[in-house]
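Below, each chain spelled out in residue letters.
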Amino acid sequence: MTVSKFFILNKLLTHNVRLFLLWGGAVWIVMHASLVNASEGKNLNILQIHGFLSQGYVNTLGSNNDVFGDSSRGRGSFDFREIGVNASYRPLTNLQFSGQLLSRQAGEDSKGGIRVDYGFVDYTAFTTETRELGIRLGRTKNPLGLYNDTRDVPFTRPSILLPQSIYFDRTRNLGLASDGAQFYGESREEWGDITVQFGVVFPQVGDRATEWAILNRDRLGHLTTRLSYIGRMIYERDGGRIRLGISGAQVNVGYDSAASLNDPLNEAGSFQFTPIIFSAQYNTERWSFTSEYALRHIMRKDFGSALGKVDTTGESFYFQGIYRFSPSWEAVLRYDVYFADRSDRDGSDFFAHIQQAAPQLAKHYPAYSRYAKDLTVGLRWNVTPSIMLRAEYHHVNGTGWLSQLDNRHPVRPDFPAFTDRHWNLFAFQASYRF
Amino acid sequence: MVARFVDHWWCCILLLLILIGLSHDINSAETSQSVETIIHPAVNIHHISRNSLRGIFGMRQRAWPNGLPIRVFVLPDDAQLHNQFAKEKLNIFPYQLRSAWDRLIFSGTGQAPFLVNSEEEMRARVASTPGAIGYLKRVNIDDSVQILHIE
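Residues numbered from 1 in each chain as written. Chains lettered and ligands numbered in written order. Predicted model: local features only at pLDDT ≥ 70, side-chain atom pairs only at ≥ 80, totals over all residues. Heavy atoms only, no water.

Chemist: Honestly, the overall build of chain A in this entry has me stumped. Any pointers?
Modeler: When helices and strands are tallied, chain A shows 4 helices and 17 strands. Expressed as a percentage of its 434 residues, the buried residues of chain A come to 53%. The long-range fraction of contacts in chain A, counting pairs at least 24 apart against all pairs at least 6 apart in sequence, stands at 62%. Carbon together with sulfur atoms contributes 63% to the accessible area of chain A, which is approximately 19,200 Å² in total. (Helix = DSSP H or I, 4+ residues; strand = E, 2+ residues; numbered from the N terminus. Buried < 20%, exposed > 50% of the residue type's maximum accessible area, 1.4 Å probe, protein only. Contact = heavy atoms within 4.5 Å. Areas by Shrake-Rupley, 256 points an atom, 1.4 Å probe, with all protein chains shown as cover.)

The structure is reproduced here in structure tokens:
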């Protein structure tokens, strides 16, 4: 057996073993738990099943910019659905097994297949009345900012679309969840609660949207996951009246070159994403004010002459106010800003460079593709505690976070379509939970 | 022209929804009666700090000092007594409890409290579940459960 064959076999095995463990574990948990429940009766219901279901509608008529499907044509796009089911089983007070299956349809970036969103065992090694320390092993949600952990659950979001400057949907999988170990600690004192999480993990890089985001299009080889780090600390005062957070990550990705197909990209190529996010929230009975600020450093190098080096720092922030008219009605107002490169906020340097290097491509890469300023207003109605309806309107200047896969040029699909700088988006969503 | 018509149509729908929602809230206006925290007698404590009570109802503190697992019982999010309990005893708002629970439930890092649909069910479940904690109107409390005071 040659070395490369061995590696391929090894990879297949690891992949299958991982899947086997996840599914086998999930089945075992459900079977075992239902037996326990049956024998001990209703009072010790330690297996819980929850889930959610949503159907969305996105309309960007009047522009050429597509979001979650063909939203700029015909009647808009209904190509936006989220379905999730999770199970958690806590046989001991300090041991929990958790898993969630997710199917998300959102244009070309998420095609609706079923995937394991998370699946892990959580063991609290040390507990007192006010402190705890523990570890989670398996696939855990990445603790980033205030919303990332539950970003696909409509009820937990402040709006239908999360602020895209920080929670961009076009490269979502890289930041979604990762496989490995997560250590956590919690302290609850009179002066406030502190929760710390730190993960040593392998990110998920296998999908097409991530390849497009990192390598600009489909390539012959494929991205490989590398050891990465992620962490967050949140301070909450007065039961969450004030919430302050800082989170960061160093996400490492490598490249497996398809040498036999004359892949122009080098095996040595690597990509590193290093975001740091500051979060703040203030909650009163009627109002919630939230703001987050992120610096995102991106380093792409050593792919050879076919794919240039990137070494930029992007910047994102938003201000958001939520007002509750009543327990069942609330409105949201938000201003969200994204800069792909904070040293070239208006994209003029980027555009000048394109014009010089490849003038025939200039129309595909306008300056306004390097930023996006999004003003959002929205309404939420909790019809019952388990049914929610939402509507919102976005007025956007720039296409910085527009999906690359949803906006490919019809004749030259490896290049971005011609988009519009000023555009409007209307969205509606119905959601159910149990 | 068509776009403008569609916009107006949406506005009408939203306005209608707001009216329905508001009328619903007015109907559910409360009659104020005092609320108490209740526990299963086997828990065997009489006082607790507000901070610990928040930790328990936030589903973060999972065992009593004697090691018994904590079982939290709550009424639906839109129940008047739930609202009153959250505000008076925990000093937080029901929407904050809901978002704290959802963060645990949908990231797999915790579990939801047990839902009961009436005060009678609340009393019956707390009285029959070792380690249980819940809340009731003072007038509805009997010897089957024990009151837990905030120190």
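Chemist: Even after reading the chapter, I still don't get the sheet that holds strand E5 (residues 132–137) of chain B, so can you show me in this structure?
Modeler: Paired through backbone hydrogen bonds, the strands of a sheet run either parallel or antiparallel to each other. All names here are of chain B. Strands sit in the order E2-E6-E1-E5-E3-E4 across an open sheet of 6 strands; the sheet is mixed. Pairing within the sheet leaves two strands with one partner each, and these edge strands are strand E2 (47–48) and strand E4 (114–115). Alignment of strand E1 (residues 35–39) against strand E6 (residues 146–150), held across 3 bridges, turns out to be antiparallel. Within the sheet, the bridge partner assigned to isoleucine 39 lies in E6 and is glutamine 146. Against the sheet, helix H3 (residues 80–90) touches E1, strand E3 (71–74), E5 and E6, its axis set at about 90 degrees to E1. (Pairing = 2+ DSSP bridges. Axes fitted to C-alpha atoms, helices over the stretch in contact; angles between N-to-C directions.)

Chemist: Got a minute to help me understand the nonpolar core in this structure?
Modeler: General note: in soluble globular proteins, nonpolar side chains tend to be found buried as a group. The biggest cluster of nonpolar side chains holds 43 residues, and the ones touching the most others in it are Leu215 and Val253 of chain A. Elements with a minimum of two residues in this core: helix H3 (208–215), strand E9 (228–237), strand E10 (242–256), strand E11 (270–283) and strand E17 (422–433) of chain A. Among the elements that line this core, the one with the most residues is E10 of chain A, at 4 residues. With residues near it in sequence (within four places) discarded, valine 253 of chain A still touches Leu174, Val205, Ile214, Leu223, Thr224, Arg226, Ser270 and Phe271 of chain A. One finds Leu102 of chain A together with Ile39, Ile70 and Ile105 of chain B within the second-largest nonpolar core, a separate group that totals 42 residues. (Core = buried A, V, L, I, M, F, W, Y, C linked by side-chain atoms within 4.5 Å.)

Chemist: For this particular structure, what's the right way to read the interface of chain B and chain A?
Modeler: Size of an interface, as often reported, equals the accessible area lost when the parts are brought together. The interface of chain B with chain A comprises 42 residues on the first partner and 59 residues on the second. Carbon and sulfur atoms supply 53% of the area buried between chain B and chain A, which totals about 4,300 Å² over both sides. Together, Arg60, Phe106 and Gln111 of chain B form the three largest contributors to the area buried by chain B at its contact with chain A, with a combined 18%. Where chain B meets chain A, there are 6 salt bridges. Across the pair aspartate 102 of chain B and arginine 433 of chain A runs a salt bridge whose closest N-O atoms are separated by 2.7 Å. (Buried area = accessible area lost by both parts, 1.4 Å probe. Salt bridge = Lys/Arg side-chain N within 4 Å of Asp/Glu carboxyl O.)

Chemist: Teacher, can you tell me more about a nonpolar patch on the surface here?
Modeler: Taken together, Ile49, Leu53, Ile83, Val85, Val383, Ile387, Tyr432 and Phe434 of chain A make up a surface patch of nonpolar side chains, about 630 Å² in accessible area. Owing to a relative accessible area of 34%, valine 383 of chain A belongs among the partly exposed residues under this scheme. (Patch = residues over 30% accessible without salt bridge, like charges linked within 9 Å, V, L, I, M, F, W, Y side chains within 5 Å.)

Chemist: Just checking my understanding: could you explain the pattern of salt bridges for this structure?
Modeler: Where side chains of opposite charge bring their charged atoms close, a pairing between them can arise. By the definition in use, this model includes 34 salt bridges over all chains. The partner of arginine 131 of chain A in a salt bridge is glutamate 189 of chain A, with the nearest N and O atoms 3.0 Å apart. With a gap of 58 residues between them, arginine 131 of chain A in strand E5 (residues 131–141) and glutamate 189 of chain A in strand E6 (residues 177–189) connect regions that are remote in the sequence. Arginine 345 of chain A is the partner of glutamate 315 of chain A in a salt bridge, and the nearest nitrogen-oxygen pair spans 2.5 Å. Within this pair, whereas glutamate 315 of chain A is found in strand E13 (residues 310–326), its partner arginine 345 of chain A is found in the loop between strand E14 (329–339) and helix H4 (348–357), the two being separated by 30 residues in sequence. A single network of salt bridges, built from pairs that share partners, joins Glu186, Arg188, Glu236 and Arg243 of chain A together with Arg60 and Arg103 of chain B.

Chemist: I would appreciate a short explanation of the confidence of the model for chain B in the present structure.
Modeler: In low-pLDDT regions, the fine details of the predicted coordinates are not to be read closely. With 79% of its residues at a pLDDT of 70 or more, chain B shows a mean pLDDT of 85. pLDDT under 50 marks residues 23–32 of chain B. Its contacts with residues more than four places away, or in other chains, come to 5 contacts. (pLDDT = per-residue confidence, 0-100.)

Chemist: Where do I start with empty space enclosed by the protein in this structure?
Modeler: Over the atoms, a rolled probe matching the size of one water molecule traces out where space is still vacant. Under the counting rule described, the total for this entry stands at 7 cavities of 30 Å³ or more. Within this model, the largest cavity holds a volume of roughly 370 Å³. The set of elements that each furnish at least two residues to the lining of the largest cavity consists of E5, E6, strand E7 (192–203) and E9 of chain A together with helix H4 (94–105) of chain B. A per-class count over the lining of the largest cavity returns 6 nonpolar, 7 polar and 10 charged. Residue lining of the second largest cavity: Val67, Phe68, Asp109, Leu161, Gln164, Asp169, Arg170, Trp401, Leu402, Ser403 and Asp406 of chain A, and that is the complete set. (1 Å grid on protein atoms, 1.4 Å probe; cavity = no way out; pocket = protein on both sides within 12 Å on 5 of 7 lines; lining within 4 Å. Points joined across faces, edges and corners; volume = space filled by probe spheres on them. Nonpolar A, V, L, I, M, F, W, Y, C, P; charged D, E, K, R; others polar.)

Chemist: I'm lost on unusual backbone geometry in this one. Help?
Modeler: Leaving glycine out, the prevailing phi sign among residues is negative, and the prevailing peptide bond configuration is trans. A positive phi angle, near 60 degrees, is found at asparagine 262 of chain A, a position not held by glycine. The residue asparagine 262 of chain A is located in the loop between E10 and E11 in this model. Even without being a glycine, asparagine 91 of chain B presents a positive backbone phi close to 65 degrees. Mapped onto the fold, asparagine 91 of chain B is located in the loop between H3 and H4. Relative accessible area serves as the criterion here: at 42%, asparagine 91 of chain B is assigned to the partly exposed category.

Chemist: When you look at the side chain of aspartate 336 of chain A in this model, what are you seeing that I'm missing?
Modeler: Residues and elements named next belong to chain A. Of note, aspartate 336 is situated in strand E14. Notably, aspartate 336 is buried but unbridged: the nearest opposite-charge side chain belongs to arginine 334, and the N-O separation is 5.2 Å. A polar contact is formed between the side chain of aspartate 336 and the backbone nitrogen of glutamine 164, at a distance of 3.1 Å. Among the polar contacts made by the side chain of aspartate 336, one reaches the side chain of serine 165 at a distance of 2.5 Å. Among residues more than four places away in sequence, those in contact with aspartate 336 are Pro163, Gln164, Ser165, Phe317, Tyr318, Ala372, Lys373, Asp374 and Trp401. (Lys, Arg positive; Asp, Glu negative; His and termini not counted. Polar contact = N/O pair within 3.5 Å; in protein donor to acceptor, adjacent residues only side chain to side chain.)

Chemist: So what exactly am I meant to see when it comes to the packing of aromatic side chains here?
Modeler: Two descriptors summarise a pair of aromatic rings, namely the distance from one centre to the other and the angle between the planes of the rings. Considering all chains together, one arrives at 22 aromatic pairs over all chains under this definition. Pairing phenylalanine 57 of chain B with tyrosine 135 of chain B gives two aromatic rings, centres 6.3 Å apart and planes at 45 degrees, and the pair type is tilted. Remark: tyrosine 135 of chain B occurs in strand E5 and phenylalanine 57 of chain B occurs in helix H2 (residues 50–57); sequence separation between them is 78 residues. With respect to class, phenylalanine 57 of chain B is no different from tyrosine 135 of chain B; both count as buried. Seen from the ring of phenylalanine 415 of chain A, arginine 217 of chain A lies directly overhead, with NZ or CZ sitting 5.3 Å from the centre. Stacked on the ring of tyrosine 371 of chain A, the Lys or Arg lysine 373 of chain A has its end atom at 5.4 Å from the ring centre. (Phe/Tyr/Trp six-rings, centres within 6.5 Å; stacked < 30°, edge-to-face > 60°. Lys NZ or Arg CZ within 6 Å of the ring centre and 35° of its normal.)

Chemist: Explain the environment of glycine 347 of chain A here, please?
Modeler: Residues and elements named next belong to chain A. Mapped onto the fold, glycine 347 is located in the loop between E14 and H4. With 23 residues separating them in the primary sequence, glycine 347 and arginine 370 have C-alpha atoms 5.2 Å apart. If sequence neighbours within four positions are ignored, glycine 347 has contacts with Ala367 and Arg370.

Chemist: Explain the pairing of E7 of chain A to me, please; I cannot follow it from the model alone.
Modeler: Looking down a regular strand, the side chains alternate between one sheet face and the other. Residue and element names in this part refer to chain A. As judged from the 12 bridges shared by E6 and E7, these two strands associate in the antiparallel manner. If you follow glutamate 186 over to E7, its bridge partner there is threonine 195. In sequence, E6 turns back onto E7 through a hairpin of 2 residues. In terms of strand pairing, E7 meets E9 through 9 bridges, oriented antiparallel. Of the residues in E9, the one forming a bridge with glycine 199 is isoleucine 230.

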